Amino acid sequence: MATAALLVPRRKRRSVIPGFGLTMGLTVVWLSFLVLIPLAAVFARSAGLGWGHFVDVGLSDRAMRAYRLSFGGSLAAAAINSVFGLLIAWVLVRYEFPGRRLMSAFVDLPFALPTAVAGIALTAIYADTGWVGRLLPFPVAYKPQGVVVAMVFIGLPFVVRTVEPVLADLGKGIEEAAATLGAGRLTTFWRVILPEIAPALLTGFALAFARAVGEYGSVIFIAGNVPYVSEIAPLLIVTQLEQFDYEGATAIATVMLAASFLMLFVINLIQGRERRRLGQEA
Amino acid sequence: MSRAQHTARAAVGEPGAVRLVLILLALGWLALVILLPLFAVFAQAFARGWSTYRDTIAQPDTLAAIRLTLIVAAIAVPVNTVFGIVMAWTIAKHDFRGKDFFVSLIDLPFSVSPVVAGLCFVLLFGRNGWFGSWLSAHDIQVVFAVPGIVLATLFVTFPFVARELIPLMTAQGRDEEEAALTLGANGWQTFWHVTLPNIRWGLLYGMLLTNARAMGEFGAVSVISGHIRGQTNTMPLQVEVLYNEYNFTGAFAVASLLAGLALVTLVVKTALEWRHREQLAGAGH
Amino acid sequence: MTISIENVSKTFDTQSALNGVSLAIEDGAFVALLGPSGSGKTTLLRIIAGLAAADGGRILFGGEDVTERPVQKRGIGFVFQQYALFRHMTVAQNIAFGLTVMKGKDKPDRAARDRRVQELLELVRLPGLEKRFPAQLSGGQRQRVALARALARNPSILLLDEPFGALDAKVRKELRIALREIHDRVGLTSIFVTHDREEAFALADKVAILNLGKIEQFAPPQEIESAPASDFVRDFVS
Ligand SMILES: Nc1ncnc2c1ncn2[C@@H]1O[C@H](COP(=O)(O)OP(=O)(O)O)[C@@H](O)[C@H]1O
Ligand SMILES: [Mg+2]
């Protein structure tokens with residue numbers, strides 16, 4: 001692999017701190033064993049399928065419907081999270097009110113709460129007889145919209161935690177400047193603040209989206225899991241595995257992995273540009 | 001200074017009413033999206049009273065699931081802690097080419113769907129997998145057994161400690177380590193007496209997040225466990241099993257234990273953030 | 001102990017930091033490395049200490065080639081620009097660190113270590129502060145602790161990187177005198193880095209003037225003033 005070239009330390013080492021060889025060796029072994037080789041296995045397996053067969057199983061009608069739900073639902077959830085995540089970050093950074101710290105602590109709950117627990121709880125709430133489902137004029141649980149509800153839950157902290165520090169760093173200087181130039185509050189928000197935090201918001205959106213695309217535990221309970229209708233891509237992988245259809249599972253997993261790598265690349269791109277813009281390039 | 005800030009704040013801040021509406025909107029959304037599900041877990045778990053709750057938890061299958069979850073965490077947390085420190089030491093205290101790429105590789109498990117993570121190990125160690133025939137010839141079972149569950153958990157919790165430590169150790173620089181070396185300390189002494197005390201809170205923070213994920217992982221473990229009752233079900237899997245059997249009280253009872261764990265995690269995490277903010281790399285995910 | 005630097009060079013990526021630097025420093029000398037920011041002073045000092053490796057050239061201590069010797073075995077004391085005190089250790093623990101990490105029969109027992117800490121605290125005029133943490137000290141006090149810590153293992157060579165850089169003028173003056181006294185009393189060979197001409201000339205027996213990774217002149221202060229070796233030196237010292 002390309003890692004071989006990376007492993008060679010600079011001939012003239014800059015750090016006298018000991019342990020480079022040992023820790024680098026362990027890192028490479030552990031990373032390869034636990035992450036790289038297993039992921040490579042997926043690609044190798046699907047390469048063995050041949051292109052035609054890969055397209056047949058990986059891009060079948062049912063798979064395409066599942067991708068559409070996974071990606072479409074994630075887009076919708078990330079969009080909702082961008083709006084409310086920004087609102088929560090704004091309130092946390094800018095206002096002082098009783099319970100602010102408690103509120104901040106609870107934002108991280110989706111990171112800490114096991115997804116299966118979130119899944120059954122959301123299902124109970126949004127079922128037709130549930131606390132919220134009862135009040136809504138349309139059904140949520142066991143429908144595609146249920147998928148979005150679960151994805152909103154797990155994605156919220158990504159937006160809040162990405163936007164929060166940028167908003168805090170922004171300070172009030174540029175807003176004051178805008179105010180002295182006669183800009184109204186809303187104009188200042190749209191023309192001054194939003195452009196400043198846009199990269200962070202975009203990163204938060206992308207992180208929430210990426211997380212939602214791969215999400216399984218919190219979604220499957222509420223989704224209903226009807227093929228072609230409310231079946232997400234990760235569930236389709238599991239279903240096919242349970243039917244010992246390894247080829248189908250591998251092909252879909254490959255598509256999902258490719259999508260993850262693409263998103264990772266895009267996120268790094270946004271963050272790299274943002275760092276350069278702020279002149280923090282190392 | 002502080003007075004000046006105060007007036008400035010008032011001069012460009014939102015009107016009080018707008019402020020109030022925004023705060024209420026944020027609180028309302030948080031209550032709906034986050035607090036309500038949390039509350040629902042406990043409400044459902046205790047819907048039939050305390051004694052039913054206790055009896056459900058005391059079921060042998062549930063106890064076995066609790067035991068397995070503890071075992072898996074007891075392996076995954078120390079292993080990933082040690083390797084997290086090792087990786088952070090390589091990256092933060094040395095210079096080499098391709099460092100950024102290396103860091104992205106370490107972060108990789110975060111961007112892989114847990115289901116795909118589980119599948120990876122099935123493809124490697126399953127009956128038709130690369131090592132499948134070798135393993136079955138030696139009568140070693142990985143898939144549908146505890147080793148597979150441990151591997152999948154190690155995969156999904158892989159980056160937490162390193163990701164917390166790398167920015168922290170990079171920010172702390174190398175001065176203290178270099179000072180220790182000029183004073184005659186060897187590498188191990190430098191790490192043990194100088195680096196470790198400086199990163200201890202960040203390390204604890206990373207371990208806490210590792211533990212929360214290790215105990216709560218569902219997708220990756222679900223794919224590889226085979227759902228054998230009393231044997232390969234962890235607590236989150238037991239939640240699913242009970243739920244699918246329409247034993248909702250049972251499912252929510254086990255879920256409430258996991259939710260309790262999440263609350264403890266949040267409390268410790270918040271306490272660490274308040275008391276040792278300068279020694280953390282910032283709220284991690 | 002004499003220090004010989006022979007034709008040392010160092011390049012970072014593509015940027016050359018040192019170009020064939022040679023210096024012969026006598027035993028017991030107090031030498032200043034003087035030069036503008038970025039001239040390579042820190043790099044040279046770190047190479048002498050063994051904290052960085054030269055691309056070419058040799059370092060000799062007392063006639064012995066130490067170029068390949070690791071920093072722990074060079075027997076030097078090093079005072080860092082930002083002091084680099086161990087922030088989680090008390091003053092006493094900081095000073096005793098070099099003794100605590102010794103191995104086998106060389107390692108002094110607890111009582112001997114405590115005695116040495118007291119000795120050093122008196123030497124740097126800080127008695128009574130042993131229980132404090134670095135964060136509870138003033139800049140000048142931190143500097144003195146860093147100095148005491150560097151001296152704990154009785155090094156024969158003391159290297160200091162901008163030792164007074166972060167201090168106000170009054171404390172600077174006090175510490176200069178203290179450092180010179182300690183140097184003479186302990187019998188050290190010392191090199192200190194500075195970009196302050198006045199400080200170098202007031203304190204050092206000999207001053208090495210560095211520019212763009214090259215030694216422009218190495219001579220006692222009076223000689224540099226009366227007979228500058230280059231236009232650069234003339235401009236820089238005037
Ligand atoms: N770790 C490093 N990586 C890259 N360049 C460096 C590094 N350390 C020093 N340099 C470069 O080497 C030159 C000399 O630096 P330094 O020895 O720190 O100068 P001084 O201490 O005289 O200010 C400078 O141009 C500096 O940018
Ligand atoms: Mg310097």
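The rules behind each value
- Residues numbered from 1 in each chain as written.
- Chains lettered and ligands numbered in written order.
- Predicted model: local features only at pLDDT ≥ 70, side-chain atom pairs only at ≥ 80, totals over all residues.
- Heavy atoms only, no water.
- Domains from an automatic or database assignment.
- Buried area = accessible area lost by both parts, 1.4 Å probe.
- Salt bridge = Lys/Arg side-chain N within 4 Å of Asp/Glu carboxyl O.
- Polar contact = N/O pair within 3.5 Å; in protein donor to acceptor, adjacent residues only side chain to side chain.
- Nonpolar A, V, L, I, M, F, W, Y, C, P; charged D, E, K, R; others polar.
- Patch = residues over 30% accessible without salt bridge, like charges linked within 9 Å, V, L, I, M, F, W, Y side chains within 5 Å.
- Areas by Shrake-Rupley, 256 points an atom, 1.4 Å probe, with all protein chains shown as cover.
- Helix = DSSP H or I, 4+ residues; strand = E, 2+ residues; numbered from the N terminus.
- Near = heavy atom within 4 Å.
- Axes fitted to C-alpha atoms, helices over the stretch in contact; angles between N-to-C directions.
- Parallel < 35°, antiparallel > 145°, perpendicular 65-115°, else oblique.
- Left-handed = near helix turned anticlockwise from the far one by under 90°.
- Contact = heavy atoms within 4.5 Å.
- Pairing = 2+ DSSP bridges.

A. A look at the domain arrangement of chain B. Residues and elements named next belong to chain B. Per the domain assignment, the segments of chain B are domain 1 (1-45) and domain 2 (48-279). Once you take the C-alpha centre of each, domain 1 and domain 2 turn out to be 33 Å apart. In total, about 610 Å² of surface goes out of reach between domain 1 and domain 2, with carbon and sulfur atoms giving 80% of it. For the interface between domain 1 and domain 2, the tally reads zero salt bridges. Our enumeration of links across domain 1 and domain 2 arrives at zero residue pairs in polar contact (both at pLDDT 80 or more). Here the residues of the side of domain 1 that touches domain 2 are counted per class, giving five nonpolar, one polar and no charged.

B. Highlighting a nonpolar patch on the surface. On the surface, L262, F265, V266 and L269 of chain A cluster together into a nonpolar patch covering about 400 Å² of accessible area. Tracing the chain through its elements places F265 of chain A in helix α13 (residues 246-277).

C. Region of interest: the site of ligand 1. In the vicinity of ligand 1, twelve residues are found, and the nearest of them are Q15, G38, K41, T42 and T43 of chain C. The environment around ligand 1 is built from residues contributed by chains A and C. G40 of chain C is positioned such that a nitrogen or oxygen atom in its backbone is 3.1 Å from an oxygen atom of ligand 1. K41 of chain C places a side-chain nitrogen or oxygen 2.9 Å from an oxygen atom of ligand 1. Relative to its unbound accessible area of 560 Å², ligand 1 is 66% covered by the protein chains. Where the shell around ligand 1 is concerned, the elements lending two or more residues are β2 (15-25) and α1 (41-49) of chain C. Here the shell around ligand 1 takes three residues from α1 of chain C, the largest share from any one element. Classifying every residue of the shell around ligand 1 by side-chain character gives three nonpolar, seven polar and two charged.

D. Summary view of the packing of helix α5 (residues 100-107) of chain A against helix α2 (residues 16-45) of chain B. It is at 11 Å that the axes of α5 of chain A and α2 of chain B come closest, and there the two elements cross at 50 degrees. It follows that α5 of chain A is oblique to α2 of chain B by the angle criterion. Where α5 of chain A crosses over α2 of chain B, the two elements pack in a sense that is left-handed. Listed contacts from α2 of chain B to M103, F106 and V107 of chain A of α5 of chain A are A26, L27, L30, I34, L35 and L38 of chain B. Partitioning the contact of α5 of chain A with α2 of chain B into residue classes produces nine nonpolar, no polar and no charged.

E. Inspection of the sheet that holds strand β5 (residues 64-65) of chain C at higher detail. Residues and elements named next belong to chain C. Strand order across the open sheet formed by four strands is β2-β1-β4-β5, with antiparallel pairing between neighbours. Edge strands, defined here as strands with exactly one partner in the open sheet, are β2 and β5. As defined by bridge partners, strand β4 (residues 56-61) adjoins β5 across two bridges and the pair is classed as antiparallel. Bridge assignment links F61 to a residue of β5, and that residue is E64. Most of the contacts of α1 go to strand β1 (residues 3-12), to which it runs at about 120 degrees, and overall it touches β1, β2 and β4.

F. Structural view of the interface of chain B and chain A. Contacts between the two partners involve 95 residues from chain B and, on the opposite side, 94 residues from chain A. If you look at where chain B meets chain A, you find one salt bridge. When the shortest N-O distance is used, the salt bridge between K269 of chain B and D108 of chain A registers 2.3 Å. At the surface where chain B touches chain A, the tally comes to seven residue pairs in polar contact (both at pLDDT 80 or more). Among the elements that take part in the side of chain B that touches chain A, α2 of chain B stands out by supplying 20 residues, more than any other. Tallied by class, the residues present in the side of chain B that touches chain A amount to 64 nonpolar, 19 polar and twelve charged.

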